Amino acid sequence: MLHKCARGALMLVGLASLLGLAAGCGGDRTSVYPETGGNVAAIENLPGAAKEVLRQVNRYRARNGRSSLSSDSSLNGAADVHSLAMASGTVPLGHHEFERRQEQMREQMDSITAMAENVGLINGQGMNNLQIAQEFVRLWSGSARHNANMLGDYMITGVGVARTGDGKIYVTQVFAKLGP
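Residues numbered from 1 in each chain as written. Predicted model: local features only at pLDDT ≥ 70, side-chain atom pairs only at ≥ 80, totals over all residues. Heavy atoms only, no water.

All told, the structure shown has two aromatic pairs when counted by the stated rule. Aromatic side chains Phe-136 and Trp-140 sit 5.6 Å apart centroid to centroid with 40 degrees between the ring planes, which places their arrangement in the tilted category. Within this pair, Phe-136 and its partner Trp-140 are both found in helix α5 (residues 129–141), separated by four residues, close to a single helical turn. Classification of Phe-136 by relative accessible area gives buried; the value is 0%. Classification of Trp-140 as buried rests on a relative accessible area of 0%. With a centroid separation of 5.7 Å and an interplanar angle of 40 degrees, the aromatic rings of Tyr-154 and Phe-175 are classed as tilted. You can see Tyr-154 sitting in the loop between α6 (144–150) and β6 (156–163) and its partner Phe-175 sitting in strand β7 (residues 168–178), a full 21 residues away along the chain. As far as the burial class goes, Tyr-154 and Phe-175 line up, both buried. (Phe/Tyr/Trp six-rings, centres within 6.5 Å; stacked < 30°, edge-to-face > 60°. Helix = DSSP H or I, 4+ residues; strand = E, 2+ residues; numbered from the N terminus. Buried < 20%, exposed > 50% of the residue type's maximum accessible area, 1.4 Å probe, protein only.)

Structure (structure tokens):
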């Protein structure tokens, strides 16, 4: 179920789930995100910002008595693909084909028992990686559902951050809990 929060462009899916379609994840990227004329040439993937988002989320979790999340390459790849697709205009900001991505991710990692996703958009013109990460954590912590995801009983995560030529920053963070 898709939930929209009242804070601008931030959206999330509660304990629903996510992804599984980046290279190496076994998903077919074109079947999930058909080309719709987005301007991919002006899009930049920001792996340094993605690492900083994870670092800042883990700092926030520690301040709130929660354990750190471990980075997962499959979830990172899927989050990258989704952020790049949003930034290119191939899909709208949000959780386009979320259920399909969830199925694909669970096929890759059958031990997943719960998943959640935070997605956001800011004007990041002139911001460095730390500022980008801090702004998303600040915005998400002010939203009950996003905050619940950041502080949830998850073990692994993936983060993807993309920037458009005009400075818009799109982020996807996926959270997953693993079970027996």
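Next comes the rest of the account.
Ranked by size, the top nonpolar core spans 25 residues in total, and within it Val-53, Phe-136, Met-150, Val-159, Val-161, Ile-169 and Val-171 carry the most contacts. Residue assignment for this core shows that the elements contributing at least two residues are α2 (47–63), β5 (112–123), α5, β6 and β7. (Core = buried A, V, L, I, M, F, W, Y, C linked by side-chain atoms within 4.5 Å.)

On to the environment of Thr-172. Structurally, Thr-172 is set in strand β7. Under the relative-accessibility criterion, Thr-172 is labelled buried at 0%. At 2.9 Å, the side chain of Thr-172 and the side chain of Ser-83 are in polar contact. (Polar contact = N/O pair within 3.5 Å; in protein donor to acceptor, adjacent residues only side chain to side chain.)

So, on to the environment of Glu-52. With respect to the helices, strands and loops of the structure, Glu-52 is situated in helix α2. When its relative accessible area of 13% is taken as the criterion, Glu-52 is described as buried. In contact with Glu-52, not counting residues within four places along its chain, are Asn-129, Leu-130 and Ala-133. (Contact = heavy atoms within 4.5 Å.)

Over its 17 residues, α2 runs 25 Å from end to end, which matches the ideal 24 Å to within 8%, given 1.5 Å per residue. The set of residues buried in α2 consists of Ala-49, Ala-50, Glu-52, Val-53, Leu-54, Gln-56, Val-57, Asn-58, Tyr-60 and Arg-61. Tucked into the core, α2 has its buried residues touching β4 (70–71), α5, α6, β6 and β7. Following α2 by one or two positions, Gly-65 adopts a phi angle in the positive range, close to 75 degrees. (Expected span 1.5 Å × (residues − 1).)

A few words now on the pattern of salt bridges. When the charged atoms of two side chains with opposite charge come close together, those side chains can pair. Within the structure shown, the criterion is met by six salt bridges. Between Asp-153 and Arg-66 there is a salt bridge whose closest N-O contact spans 3.8 Å. Linking Asp-153 in the loop between α6 and β6 with Arg-66 in the loop between α2 and β4, this pair joins segments that are 87 residues apart in sequence. For Arg-66, a relative accessible area of 30% gives the class partly exposed. With a shortest N-O distance of 3.0 Å, Asp-153 and Lys-177 are connected by a salt bridge. Taken together, the positions of Asp-153 in the loop between α6 and β6 and Lys-177 in strand β7 put the pair 24 residues apart, joining distant regions of the chain. Given the relative accessible area of 27%, Lys-177 is considered partly exposed. (Salt bridge = Lys/Arg side-chain N within 4 Å of Asp/Glu carboxyl O.)

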